[in-house]
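# Fold and geometry: a report
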Amino acid sequence: MTEETRSIKKKIKKVLDKDRYQHTLGVAYTAASLAMRYGVDLERAFLAGLLHDCAKNIPNDDKFQLCRKYKVKLNDVEKKAPYLIHAKLGATLAEKLYGVKDDEIVNAIKYHTTGRPGMTLLEKIIFTADYIEPGRSNAQNLNEIRQLSFIDLDAAVTKILYDTLQYLETKDQLIDPMTQMTYDYYAGIRIK
Ligand SMILES: [Fe+2]
Ligand SMILES: [Fe+2]
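A brief structural summary. (Residues numbered from 1 in each chain as written. Chains lettered and ligands numbered in written order. Predicted model: local features only at pLDDT ≥ 70, side-chain atom pairs only at ≥ 80, totals over all residues. Heavy atoms only, no water.)

Now for the nonpolar core. Membership of the largest hydrophobic core comes to 54 residues, with the highest contact counts inside it found for Ile-12, Leu-51, Leu-89, Tyr-98, Val-100 and Ile-105. The leading source of residues in this core is helix 2 (residues 18-38), at nine residues. (Core = buried A, V, L, I, M, F, W, Y, C linked by side-chain atoms within 4.5 Å. Buried < 20%, exposed > 50% of the residue type's maximum accessible area, 1.4 Å probe, protein only. Helix = DSSP H or I, 4+ residues; strand = E, 2+ residues; numbered from the N terminus.)

This is how it looks when you write it as structure tokens:
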């Protein structure tokens, strides 16, 4: 672990509650394992994992205020479902507060909940690690997706998106249009 990562880890522990910090460590180590499997730089995967939920425990009012301050543009779904904001805002805070200059890490944080069409390997790793880290237990097909993640990452990403859309539909929850776009993209790749 570099000095930078070590110091960010300390800061993250202070801004997250206990459960969120445990989840964050789970994502960081899972991302590092996937990075080993797919030949991505470990340090960057670990750092992106550490930072992915850095804005999660900020109260909603403050989230909106910080978005105004840093000119983070929000879509209609994010305005109605503030829990979605933590991804975009977290990416901005990674740059402004934690000094991250690596665009791929910033984007991995930005798209960790919705994914996006044409994700880089690192983006797919964070998206997947967030879903499969050992502390997660409530998603459907989790064992299958965990195995699949280390066999075929695109297939795992597609399955996660499919299950997420299904889950949001049955719960009648708002769906960020980007989640649907990402699913269409990856499902399309798999059919071709
Ligand atoms: Fe998150
Ligand atoms: Fe997360």
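Let us keep going from here.
A four-donor tetrahedral metal ideally has 109.5 degree angles, and a six-donor octahedral metal ideally has angles of 90 or 180 degrees. The coordination sphere of the iron ion (ligand 2) contains the protein donors His-23 (NE2), His-52 (NE2), Asp-53 (OD) and Asp-130 (OD), at a distance range of 2.2 to 2.3 Å. Each of the four donor atoms bound to the iron ion (ligand 2) contributes to angles spanning 82 to 174°, and the resulting shape is irregular. Taken as an interatomic distance, the gap from the iron ion (ligand 2) to the iron ion (ligand 1) is 3.4 Å; Asp-53 donates to each of them. Taken together, the residues His-23 in helix 2 and His-52 in the loop between helix 3 (42-51) and helix 4 (60-69) connect sequence positions 29 residues apart. Residue class for His-23 comes out buried when judged on its relative accessible area of 7%. Classification of His-52 by relative accessible area gives buried; the value is 0%. (Donors = N, O, S within 2.8 Å, 3.2 Å for Na, K, Ca; no water. Tetrahedral: all angles 85-135°; square planar, octahedral: opposite > 155°, others 65-115°.)

Coordination sphere of the iron ion (ligand 1), protein contribution only: Asp-53 (OD), His-86 (NE2) and His-112 (NE2), at 2.1 Å. Site description for the iron ion (ligand 1): donor spacing in sequence, D-x32-H-x25-H. Overall, the relative accessible area of 3% leaves His-86 in the buried class.

We now examine the pattern of salt bridges. Side-chain pairs of opposite charge can arise whenever the charged atoms involved come near each other. All told, the structure shown has nine salt bridges when counted by the stated rule. Put simply, Asp-154 and Lys-124 hold a salt bridge, and the shortest N to O gap is 2.7 Å. Separated by 30 residues along the polypeptide, Asp-154 in helix 10 (residues 153-170) and Lys-124 in helix 8 (residues 121-132) bring together distant segments of the chain. For Lys-124, a relative accessible area of 11% gives the class buried. For Lys-159, the salt bridge is made with Asp-163, and the minimal N-O distance between the two is 3.3 Å. With Lys-159 and Asp-163 both in helix 10, this residue pair falls four residues apart, about one helical turn. Residues joined in a network through salt bridges with shared partners are Arg-44, Asp-102 and Glu-104. (Salt bridge = Lys/Arg side-chain N within 4 Å of Asp/Glu carboxyl O.)

What follows concerns the layout of surface pockets. Of the pockets and cavities examined, the largest pocket occupies roughly 890 Å³. Taken together, 29 residues line the largest pocket, and the ones lying closest to its centre are Tyr-131, Arg-136, Thr-164, Tyr-167 and Leu-168. Mapped by element, the contributors of at least two residues to the lining of the largest pocket are helix 2, helix 8 and helix 10. The element that contributes the greatest number of residues to the lining of the largest pocket is helix 10, accounting for six residues. (1 Å grid on protein atoms, 1.4 Å probe; cavity = no way out; pocket = protein on both sides within 12 Å on 5 of 7 lines; lining within 4 Å. Points joined across faces, edges and corners; volume = space filled by probe spheres on them.)

Simply put, the disulfide is a covalent bond whose two ends are the sulfur atoms of two cysteines. In the structure shown here, the tally under the stated rule is zero disulfides. Between Cys-54, a cysteine without a disulfide, and Cys-67, which holds the nearest cysteine sulfur, the sulfur-to-sulfur distance is 12 Å. The exposure class of Cys-67 is buried, given its relative accessible area of 4%. (Disulfide = S-S within 2.5 Å.)

This next bit is on unusual backbone geometry. A positive phi angle is found at Lys-71, which is not glycine, with a value near 55°. If you check the backbone angles, Asn-141 has positive phi at about 55° while not being a glycine. Looking at the element boundaries, Asn-141 is found in the loop between helix 8 and helix 9 (142-149).

Each aromatic ring pair is characterised by the separation of its centres together with the angle its planes make. Within the structure shown, the criterion is met by three aromatic pairs. Centre to centre, the rings of Tyr-29 and Phe-46 are 4.9 Å apart; their planes meet at 70°, and the pair counts as edge-to-face. Taken together, the positions of Tyr-29 in helix 2 and Phe-46 in helix 3 put the pair 17 residues apart, joining distant regions of the chain. By relative accessible area, Tyr-29 is classed as partly exposed at 46%. Pairing Tyr-162 with Tyr-183 gives two aromatic rings, centres 5.9 Å apart and planes at 50°, and the pair type is tilted. Of this pair, Tyr-162 sits in helix 10 while Tyr-183 sits in helix 11 (residues 177-191), and the two are 21 residues apart along the sequence. (Phe/Tyr/Trp six-rings, centres within 6.5 Å; stacked < 30°, edge-to-face > 60°.)

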